[in-house]
Amino acid sequence: MRNRKDIYRAVEDWTSGSLIVGGLGLMLFGVVMRYFFGKPLYFGDELSLYMVIWGALLGTVVALRDNAHIRVDILYRYLPERWKHRMNAFASAVGIVFSLFLLVYGIKGIFLDQHSVYRLKLSSLGMGIELWKVYLILPIIGLMFLVRFVQRFVRSVRGLPETEADEGAEAEWKP
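Structural notes, computed from the coordinates. (Residues numbered from 1 in each chain as written. Predicted model: local features only at pLDDT ≥ 70, side-chain atom pairs only at ≥ 80, totals over all residues. Heavy atoms only, no water.)

**What about the overall build of the protein chain?**
Applicable threshold: Each helix is a run of DSSP H or I of at least 4 residues and each strand a run of E of at least 2, with the numbering of both proceeding from the N terminus. For the radius of gyration, the atoms used are the C-alpha atoms, and the globule rule reads 2.2 Å times the number of residues raised to 0.38. Only protein chains enter the area calculation, which uses a 1.4 Å probe; residues under 20% of their type maximum are buried, those over 50% are exposed, and those in between are partly exposed. We call two residues in contact when some of their heavy atoms are within 4.5 Å. Residue burial considers only the protein chains on display, and all accessible areas are found by Shrake-Rupley using a 1.4 Å probe.
What the protein chain contains, in helices and strands, is seven helices and zero strands. Taken against the 2.2 N^0.38 rule, which gives 16 Å for 175 residues, the C-alpha radius of gyration of the protein chain at 20 Å runs more than 25% over that of a compact globule. Dimensions of the protein chain, computed from C-alpha atoms along their principal axes, come out at roughly 65 × 45 × 35 Å. Across the 175 residues that make up the protein chain, the buried fraction comes to 31%. For the protein chain, long-range pairs separated by at least 24 residues make up 69% of all intrachain contacts whose partners lie at least 6 apart in sequence. Just so you have it, the protein chain exposes about 11,800 Å², and 69% of that area is on carbon and sulfur atoms.

**With respect to the packing of helix H1 (residues 2-36) against helix H6 (residues 137-157)**
Under the convention used in this document: Think of each axis as a best-fit line through the C-alpha atoms, taken over the contacting stretch in the case of a helix, with angles from 0 to 180 degrees between the N-to-C directions. Just so you know how the angles are binned, under 35 degrees is roughly parallel, over 145 roughly antiparallel, 65 to 115 roughly perpendicular, and the rest oblique. Crossings are assigned a handedness: left-handed for a near helix turned anticlockwise from the far helix by less than a right angle, right-handed for a clockwise turn. The classification used treats Ala, Val, Leu, Ile, Met, Phe, Trp, Tyr, Cys and Pro as nonpolar, Asp, Glu, Lys and Arg as charged, and all other residues, Gly among them, as polar.
As a packed pair, H1 and H6 sit with axes 14 Å apart at the nearest point and diverge in direction by 135 degrees. In this view, H1 runs oblique relative to H6, as classed from their interaxial angle. Pair H1 / H6 crosses with left-handed handedness. Contacts between H1 and H6 involve Tyr8, Arg9 and Glu12 from the former and Met144, Val147 and Arg148 from the latter. Tallied by class, the residues present in the contact of H1 with H6 amount to three nonpolar, no polar and three charged.

**Observations concerning empty space enclosed by the protein**
Our working definition: Only protein atoms enter the 1 Å grid used here. Points where a 1.4 Å probe fits but cannot escape make up a cavity, open sets with protein on both sides within 12 Å along at least five of seven lines make up a pocket, and a residue lines them when an atom lies within 4 Å of a point. Grid points are joined across faces, edges and corners, and a volume is the space filled by probe spheres set on the points.
By the definition in use, this model includes one cavity of 30 Å³ or more. Its boundaries defined by the atoms lining it, the largest cavity holds a volume of some 30 Å³. Surrounding the largest cavity, Leu26, Met27, Gly30, Arg34, Leu41, Gly44, Asp45 and Ser48 form its lining. Secondary-structure elements contributing two or more residues to the lining of the largest cavity are H1 and helix H2 (44-65). Top element by residues in the lining of the largest cavity is H1. It accounts for four residues.

**A word on the packing of helix H3 (residues 81-112) against H6**
Taken N-terminus to C-terminus, the directions of H3 and H6 make an angle of 160 degrees; their axes are 8 Å apart at the nearest point. Classified by the interaxial angle, the pair formed by H3 and H6 is roughly antiparallel. Seen along the crossing, H3 lies across H6 with a hand that is left-handed. Looking at the contact of H3 with H6 residue by residue, the class counts come to 19 nonpolar, eight polar and one charged.

**Digging into the pattern of salt bridges**
The following threshold applies: One side-chain nitrogen of Lys or Arg within 4 Å of one carboxyl oxygen of Asp or Glu is enough to make a salt bridge.
All chains considered together, the criterion is met by eight salt bridges. Where salt bridges share partners, they join Arg9, Glu12, Asp13, Arg65, Asp66 and Arg148 into one cluster.

**Details of the environment of leucine 112**
Inspection of the secondary structure puts leucine 112 in helix H3. Of the residues examined, leucine 112 reaches a relative accessible area of 55% and is grouped as exposed. Beyond its immediate sequence surroundings of up to four residues, leucine 112 is in contact with Ile107 and Arg119.

Here's what the structure looks like:
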């Protein structure tokens, strides 16, 4: 079981990082080609934009996994441990609802709706990519968020720290 978790974590990390670095590298290459060689890449801007957006969205899942997202916790710090777990469970439940919204309405908006991008056969202007392929990130992110929020919900109901990363951090700080 541990091996599957490690593989899933590595896929999240490498995919998000590769997309962002690749997208930024493609932007740089496009600038060099345009300004130094006078030969702009017709696909560079559009593809790099999609890559950076996909990478950033996948990076939000990684931030959720590692509890590295920004939050205001001035009140949270002073709550008793029991109330912290209740707040974490509530926040995770809200996250589950949001994830299901992204998953269900992402699929509906891309494929099932009467005016969906798939049924209308819409494509991008620059490269001619079918837009359903670009928008597919929404249900994918919804599913990935759902996995992480369910994990967080189960951990908070059991009285465990929010993430496995927090478990290791608490062990380091205890005397």
